[in-house]
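Breakdown of the fold
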Amino acid sequence: MFRLFSPGIQIFSLMTAGFLSLFKSSKKPCTPASGSYTSPYSDMMRKVTAAHADCTAEVFNVFVSGAGKVRVFSELAPGDRVELRLRDGAVSVYAGGKYISAPLLPDSSRLRHLLESGAEVEAFLGGRDVASCTDDAEFCSIIAFYRMEGVPPTKVAVN
């Protein structure tokens, strides 16, 4: 749903998606009963990004594994809020009362420093790779918004 250029993350993402596609089940826990991923979720993400037009944004991927975590995360739709918390000194995604996953953050990410300093960071489920969902694994993107003096707002393109 978002565009982010990071060759290392893209290569890891493609390898993970290819590996997961080998274990696809016919039942996709990440497909909500409420509808498709096309227009309703794109519209929701446009609203989220418009509400944060004055913020800097970071988009990153998370790999969610384990049936319990996937079940919690599959109940979320793109545009739903998640939390970013520090856990054992690393940034982790928290939703539905569970630590879901440690994100794949690039070295340039400011999120760890911001969370350590107590800055306000708002995070949302940006999208998911429905082609590689299984009962036990899911690959998703998270978008985090924050304000930092001297750092200009990010213009986010929603596809």
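Located above this text is the structure these notes cover.
These remarks concern the structure in this document. Per chain, residue numbering runs from 1 following the sequence as it is written. Reporting in this predicted model follows two pLDDT cut-offs: at least 70 for local features of residues, and 80 or more for side-chain atom pairs to be given and counted; totals over whole chains, interfaces and linings ignore these cut-offs and use all residues. By convention in this description, side-chain values take in all heavy atoms of the structure and omit both hydrogens and water.

**Comments concerning helix H3 (residues 67-74)**
Because each turn of an α-helix spans 3.6 residues, side chains separated by three or four positions end up pointing in the same direction. Whether a residue is buried, partly exposed or exposed follows from its accessible area with a 1.4 Å probe, protein chains only, as a fraction of its type maximum: under 20%, in between, or over 50%, in that order. Here a helix means four or more residues in a row that DSSP labels H or I, a strand means two or more in a row labelled E, and each is numbered from the N terminus. Within H3, the full set of buried residues consists of Val70, Val72, Phe73 and Ser74. Looking at the buried residues of H3, the elements they touch are strand S1 (56-65), strand S2 (81-87), strand S3 (90-95), strand S4 (98-101), strand S5 (122-128) and strand S6 (137-146). Here, two residues are considered to be in contact whenever any of their heavy atoms come within 4.5 Å of each other.

**Here we look at the environment of Val93**
The residue Val93 is located in strand S3 in this model. Under the relative-accessibility criterion, Val93 is labelled buried at 0%. The sequence separation of Val93 and Val64 amounts to 29 residues, and the corresponding C-alpha distance is 9.7 Å. Ignoring anything within four residues of it in the chain, the contact list for Val93 reads Phe60, Val62, Phe73, Val82, Glu83, Leu84, Lys98, Tyr99, Ile100, Ser101, Pro103 and Ile142.

**What about the pattern of salt bridges?**
Any carboxyl oxygen of Asp or Glu within 4 Å of a side-chain nitrogen of Lys or Arg constitutes a salt bridge here. Under the criterion given, the structure shown has 6 salt bridges. In this structure, the salt-bridge partner of Asp43 is Arg46, at a minimum N-O distance of 3.4 Å. With Asp43 and Arg46 both in helix H2 (residues 39-51), this residue pair falls 3 residues apart, about one helical turn. A salt bridge links Arg147 to Asp54, with the shortest nitrogen-to-oxygen separation between them at 3.1 Å.

**Topic: the pairing of S5**
In terms of burial, S5 is largely enclosed, as 7 of its 7 residues are buried. One requirement defines pairing of two strands: DSSP has to find at least two bridges between them. In terms of strand pairing, S2 meets S5 through 2 bridges, oriented antiparallel. Paired with Arg81 across the bridge in S5 is Phe124. The pairing of S5 with S6 spans 6 bridges and is classified as antiparallel. Opposite Phe124, over in S6, you have Ile143 as the bridge partner.

**Concerning the sheet that holds S1**
One open sheet accounts for 6 strands, arranged S1-S6-S5-S2-S3-S4; its pairing is antiparallel. Since the sheet does not close on itself, it has two edges, and those belong to S1 and S4, each with one partner. Taking each pair of neighbouring strands and ignoring which way they run, the sheet shows an average axis angle of 45°. Both S3 and S4 contribute to a ladder of 3 bridges, which runs antiparallel. For every element, the axis is a line fit to its C-alpha atoms; helices are fit only across the contacting stretch, and the angle between N-to-C directions ranges from 0 to 180 degrees.

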